[in-house]
Amino acid sequence: MPRLTARERRESYQREYAFQKKHGKSFFPNAVFHDTIVSLIVVALIMGMAILWHAQFGSVPGEAEAGRIGGLLGPAYEAKADPGVLAYDPRPEWYFFFLFELLRLFKEPALLIVGSVIIPTIWMVLLIGWPFIDRNPDRRLSRRPIALALGVMVPIVLLTLTFYGSKAPGAGGAVSTEPGAAAFANGPCSTCHTLANAGTAGNVGPVLDEAKPDYETALNLITNGKGGMPAFKGQYTADQISCLAGYVATWSGATGTTPGPSAPSAKATYPASCEAAGGDFAGVAAAGG
Ligand code: HEC
């Protein structure tokens, strides 16, 4: 088919438009009817999921704190907000991970505004202005290389940012004043481990808030090391190691309970070992070597 001039294209479009207007299906009631059916299906689906979610509620006997556990579709509600938590690591919902990651790309405080305001604003303005910028009436993809490239690139960029955003370590928070916290946060542990209570965000070793090691595991790993985890026997005294193990076991938390002295993984002797080791053993970082 020979290439048409803009005028010919417009005329052919108008012919088609007039034809459709005469013989095509009207918006009302055809499209309205379709939309109504689809909307009803969506509403029924949401109601079905809500009923399923509600039917799966259960509770852990003797653990009112843990909230009502749920099933496949998530818990009824999670543990109550704890005003005693000093190190809270805020993370966005998954659909904002791309913005989260975009923000992380700009580390300089002066450049933060680029990731947080300027780029998102440009995106939004482009999105709103797109129909005015791209006025090409052609619908054939081969005639619209730029639109096609952009249409492929944008989702790829967004998905990539979302993926890395989901893996991003937390920003780290404030160090708590629990015995052992400062030693953990100021010592070598912080470079490799994330532990909310200590406000650390290392990502070489396991996230301790998720691993939730018990006292014996922690004691053994800190003493003897394993894989990428160095042994600290000889660098730390027995009291210091036992303090760190107790601190980690107590504050990494156990499933279903708020971390702390009442967690099943807590070790009653731990604060004592920290005191024996000199509180939060100042200069703990220098103890290595
Ligand atoms: C050089 C990085 C590095 C440093 C420093 C480090 N760890 Fe580790 N840690 C690791 C790695 C890697 C593992 C996983 C070991 C394995 O299972 O093979 C680990 C595992 C652990 C575990 C067991 C977690 C589980 O899976 O249950 C605990 C507890 C722990 N580390 C505590 C500490 C403490 C406390 C310190 C500071 C005294 C510390 N780590 C310093 C890298 C490190």
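The text that follows walks through the structure, step by step, so that each part is easy to find. Because the structure is a prediction, the values reported are computed rather than measured.

**Considerations on the state of the cysteines**
Applying the stated rule across the entire model yields 1 disulfide. The disulfide that involves C243 links it to C274, with 1.8 Å between the sulfurs. Of note, the bridge from C243 to C274 carries an S-S torsion of about 85 degrees and is right-handed in sense. On the criterion of sequence distance, the pair formed by C243 in helix α10 (residues 238-251) and C274 in helix α11 (residues 270-276) is long-range, its members being 31 residues apart. Side by side, C243 and C274 carry an identical accessibility label, which is buried.

**Remarks on the coordination of the iron atom of the ligand**
The iron atom of the ligand binds to the protein through H193 (NE2) and M229 (SD), with metal-donor distances spanning 1.9 to 2.0 Å. Coordination at the iron atom of the ligand is octahedral: its 6 donor atoms span angles of 87 to 179 degrees at the metal. One end of the pair, H193, is in the loop between α7 (189-192) and β3 (194-195); the other, M229, is in the loop between α9 (215-224) and α10, and 36 residues separate them in sequence. Residue classification places H193 among the buried residues on the basis of a relative accessible area of 10%.

**What to know about a nonpolar patch on the surface**
On the surface, I113, V117, I118, I122, L126, W130, I133, I146, L150, M153 and V154 cluster together to form a nonpolar patch covering roughly 980 Å² of accessible area. Considering every element that reaches the nonpolar patch, the biggest residue donor is helix α4 (residues 112-133), with 7 residues. Considering the arrangement of structural elements, one finds M153 in helix α5 (residues 145-167).

**A look at the nonpolar core**
The biggest cluster of nonpolar side chains holds 26 residues, and the ones touching the most others in it are F184, L195, I222, L244 and Y247. Those elements that provide at least two residues to this core are α6 (181-186), α9, α10 and α11. Per element, the largest residue contribution to this core is 8 residues, and it comes from α10. Each residue touching Y247, except ones within four places of it in the same chain, is listed here: S176, E178, P179, G180, A181, F184, L195, N197, A198, S252 and Y270.

**Here we look at the packing of aromatic side chains**
Going through the model one piece at a time under the given rule, you end up with 8 aromatic pairs. Where F163 meets Y164, the ring centres are 5.2 Å apart and the plane angle is 80 degrees; that geometry is what we call edge-to-face. A relative accessible area of 43% means that F163 is categorised as partly exposed. The structure contains a cluster of three or more aromatic residues connected by ring pairs, namely W94, Y95 and F96.

**Remarks on the packing of helix α3 (residues 97-105) against α4**
For the pair α3 and α4, the least separation of the axes is 8 Å and the interaxial angle reads 135 degrees. It follows that α3 is oblique to α4 by the angle criterion. As for how α3 packs across α4, the hand of that crossing is right-handed. Between α3 and α4, the residues in contact are F98, L99, L102 and L103 and L112, G115, S116, I119, P120 and W123, respectively. Split into classes, the residues belonging to the contact of α3 with α4 amount to 8 nonpolar, 2 polar and no charged.

**Notes on the site of the ligand**
Near the ligand lie 20 residues; those nearest to it are C189, C192, H193, P206 and M229. For the shell around the ligand, the secondary structure elements donating two or more residues are α7, α8 (208-211) and α9. The class makeup of the residues in the shell around the ligand is 16 nonpolar, 3 polar and 1 charged.

**Some remarks on unusual backbone geometry**
Each neighbour pair has its own omega, and for F28 with P29 the value is 10 degrees, a cis peptide bond. With respect to the element layout, P29 can be found in helix α2 (residues 27-55). Phi is positive for K212, which is not a glycine, with a value near 45 degrees. As for its placement among the helices and strands, K212 is situated in the loop between α8 and α9. In this structure K212 comes out as partly exposed when scored by relative accessible area, which is 31%.

**A few points about the side chain of S273**
Take S273: it is sitting in helix α11. With relative accessibility at 7%, the residue S273 sits in the buried group. There is a polar contact of 3.3 Å between the side chain of S273 and the backbone nitrogen of C243. Not counting chain neighbours up to four residues away, the residues in contact with S273 comprise D239, S242 and C243.

Reading the values: rules and limits
Residues numbered from 1 in each chain as written. Predicted model: local features only at pLDDT ≥ 70, side-chain atom pairs only at ≥ 80, totals over all residues. Heavy atoms only, no water. Disulfide = S-S within 2.5 Å. Helix = DSSP H or I, 4+ residues; strand = E, 2+ residues; numbered from the N terminus. Buried < 20%, exposed > 50% of the residue type's maximum accessible area, 1.4 Å probe, protein only. Donors = N, O, S within 2.8 Å, 3.2 Å for Na, K, Ca; no water. Tetrahedral: all angles 85-135°; square planar, octahedral: opposite > 155°, others 65-115°. Patch = residues over 30% accessible without salt bridge, like charges linked within 9 Å, V, L, I, M, F, W, Y side chains within 5 Å. Areas by Shrake-Rupley, 256 points an atom, 1.4 Å probe, with all protein chains shown as cover. Salt bridge = Lys/Arg side-chain N within 4 Å of Asp/Glu carboxyl O. Core = buried A, V, L, I, M, F, W, Y, C linked by side-chain atoms within 4.5 Å. Contact = heavy atoms within 4.5 Å. Phe/Tyr/Trp six-rings, centres within 6.5 Å; stacked < 30°, edge-to-face > 60°. Axes fitted to C-alpha atoms, helices over the stretch in contact; angles between N-to-C directions. Parallel < 35°, antiparallel > 145°, perpendicular 65-115°, else oblique. Left-handed = near helix turned anticlockwise from the far one by under 90°. Nonpolar A, V, L, I, M, F, W, Y, C, P; charged D, E, K, R; others polar. Near = heavy atom within 4 Å. Polar contact = N/O pair within 3.5 Å; in protein donor to acceptor, adjacent residues only side chain to side chain.

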